[in-house]
Amino acid sequence: MRWTILGSGGCAVIPKPLCRCRVCREAREKGIPYSRSGPSAFLHDINLLIDTPAEIVDLLNRWHVGRVDYLVLTHLDPDHVEGLRVVEQIALDFRNWRGYPKKAISLIIPEQLKEASRQIRSCHGSLIDFYQESGFVRIQAFHDRLSLGEVRITAIPVGRGDLMSFVYAFEKSGRRVVYAPCDIKPFPEHRDEVQRPDLLIIQPGRFEDGLKHRFKYPRNHPSRTTLYSFNETVDLSKRLQAKRTLFVHLEEYWNRTYDDYRALESRNPSMCFALDGMRVIVK
Ligand SMILES: [Zn+2]
Ligand SMILES: [Zn+2]
């Protein structure tokens, strides 16, 4: 499987607009790999885009994506869906305000997310309904798993009431990649499909020290219910027996630069912090 991490940032991009912290100043000065756009990845084997952060139009151009056949969403938080209009930018035929049929994107969506996704709205109503009526997307809902070409995809729900998110397992030719960028606690580690991945793409979780404003998480902080700590994530990766672990969704408030992450990597060769535009091959 050939992957590109289109954006390695989290819910706030780096540099965060107007921010003068050292991480953002350096990113503004040096650009990539110090700067990070919102969370998104691309699986070249089947032209599958995962998530649409606000910067997705720019990211598709910057990393030379030539075609998108499928789109899948991990969940509906704004940092993953606010660039959804990219489907209109890709497919719109200005002559009739409909989609070019050959450019329509299949939105493959777990059944459990389908109804909630229709709640993403503009002043004209449900965005996804509008994109479907206009011919920009075709909705392809599925239960648990589906195969696209030679790639088998399993959608594993992470239950948090209405705020459901999904971990996806991608399998091809005996290789497995697990993609779990955001809102992954409690991680479904009992599931067979996440065991022994050749590549685990996951958010590193909360760093407890060195945070912006010297913040320390109090015991009852809400982030403790949605995020693992970094050490817990490392332990999780070991329990899953991931051959390689790639950390994504790297947050600005963790107050760490590209060089800080490089230093952390040097302590564990099977772990790596993603960069915008990083290419990863799993074979
Ligand atoms: Zn900053
Ligand atoms: Zn997120």
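Structure first, text after, so check above.
So, a few notes on the structure that sits alongside this text.

Conventions used here
Residues numbered from 1 in each chain as written. Chains lettered and ligands numbered in written order. Predicted model: local features only at pLDDT ≥ 70, side-chain atom pairs only at ≥ 80, totals over all residues. Heavy atoms only, no water. 1 Å grid on protein atoms, 1.4 Å probe; cavity = no way out; pocket = protein on both sides within 12 Å on 5 of 7 lines; lining within 4 Å. Points joined across faces, edges and corners; volume = space filled by probe spheres on them. Helix = DSSP H or I, 4+ residues; strand = E, 2+ residues; numbered from the N terminus. Nonpolar A, V, L, I, M, F, W, Y, C, P; charged D, E, K, R; others polar. Buried < 20%, exposed > 50% of the residue type's maximum accessible area, 1.4 Å probe, protein only. Contact = heavy atoms within 4.5 Å. Donors = N, O, S within 2.8 Å, 3.2 Å for Na, K, Ca; no water. Tetrahedral: all angles 85-135°; square planar, octahedral: opposite > 155°, others 65-115°. Pairing = 2+ DSSP bridges. Axes fitted to C-alpha atoms, helices over the stretch in contact; angles between N-to-C directions. Phe/Tyr/Trp six-rings, centres within 6.5 Å; stacked < 30°, edge-to-face > 60°. Lys NZ or Arg CZ within 6 Å of the ring centre and 35° of its normal.

## Section: empty space enclosed by the protein
For step 1, the next point in the chain: One pass over the structure, following the stated rule, counts one cavity of 30 Å³ or more.
For step 2, the next point in the chain: Considered as a void within the structure, the largest cavity measures approximately 40 Å³ in volume.
For step 3, the next point in the chain: The wall of the largest cavity is formed by Ile14, Val23, Glu26, Ala27, Tyr34, Arg36, Arg256, Thr257 and Tyr258.
For step 4, the next point in the chain: A per-element tally of the lining of the largest cavity places helix H1 (residues 22-30) first, with three residues.
For step 5, the next point in the chain: For the lining of the largest cavity, the per-class residue count stands at five nonpolar, one polar and three charged.

## A short note on the side chain of Ser223
For step 1, the next point in the chain: On the secondary structure map, Ser223 appears in helix H7 (residues 223-226).
For step 2, the next point in the chain: Its relative accessible area of 15% is what places Ser223 among the buried residues.
For step 3, the next point in the chain: Beyond its immediate sequence surroundings of up to four residues, Ser223 is in contact with Arg206 and Tyr217.

## What to know about the coordination of the zinc ion (ligand 1)
For step 1, the next point in the chain: In this structure, Cys19 (SG), Cys21 (SG), Cys24 (SG) and Glu252 (OE) serve as the protein donors to the zinc ion (ligand 1), at separations of 2.0 to 2.3 Å.
For step 2, the next point in the chain: Given four donor atoms and angles of 106 to 114° at the metal, the environment of the zinc ion (ligand 1) is assigned as tetrahedral.
For step 3, the next point in the chain: Along the chain, the residues that donate to the zinc ion (ligand 1) are spaced as C-x1-C-x2-C-x227-E. Here Cys21 matches Cys24 in class, with each residue buried.

## A few points about the sheet that holds strand S14 (residues 175-180)
For step 1, the next point in the chain: Pairing is mixed across the open sheet formed by seven strands, whose spatial order is S11-S12-S13-S14-S15-S16-S17. Lying at the two open borders of the sheet, with one neighbouring strand each, are strand S11 (145-148) and strand S17 (271-273). On average, each strand axis in the sheet is inclined to that of its neighbour by 20°, with strand direction left out of account.

## Considering the packing of aromatic side chains
For step 1, the next point in the chain: According to the stated counting rule, one finds 17 aromatic pairs in the structure shown.
For step 2, the next point in the chain: Look at Trp3 and Tyr179: their rings are 6.3 Å apart centre to centre, the planes differ by 10°, and that puts the pair in the stacked class. Here Tyr179 lies in strand S14 and Trp3 lies in strand S1 (residues 2-7), a separation of 176 residues in the sequence. Take Trp3 and Tyr179: they sit in the same class, and that class is buried.
For step 3, the next point in the chain: Between the aromatic rings of Tyr168 and Phe170, the centroid separation amounts to 6.3 Å while the plane-to-plane angle is 40°, which identifies the pairing as tilted.
For step 4, the next point in the chain: Note on Phe170: relative accessible area 0%, which makes it buried.
For step 5, the next point in the chain: These aromatic residues form a ring-pair network of at least three members: Phe207, Phe230, Phe247, Tyr253, Trp254, Tyr261 and Phe273.
For step 6, the next point in the chain: Positioned above the aromatic ring of Tyr34, the side-chain terminus of Lys30 is 4.7 Å from the ring centre.

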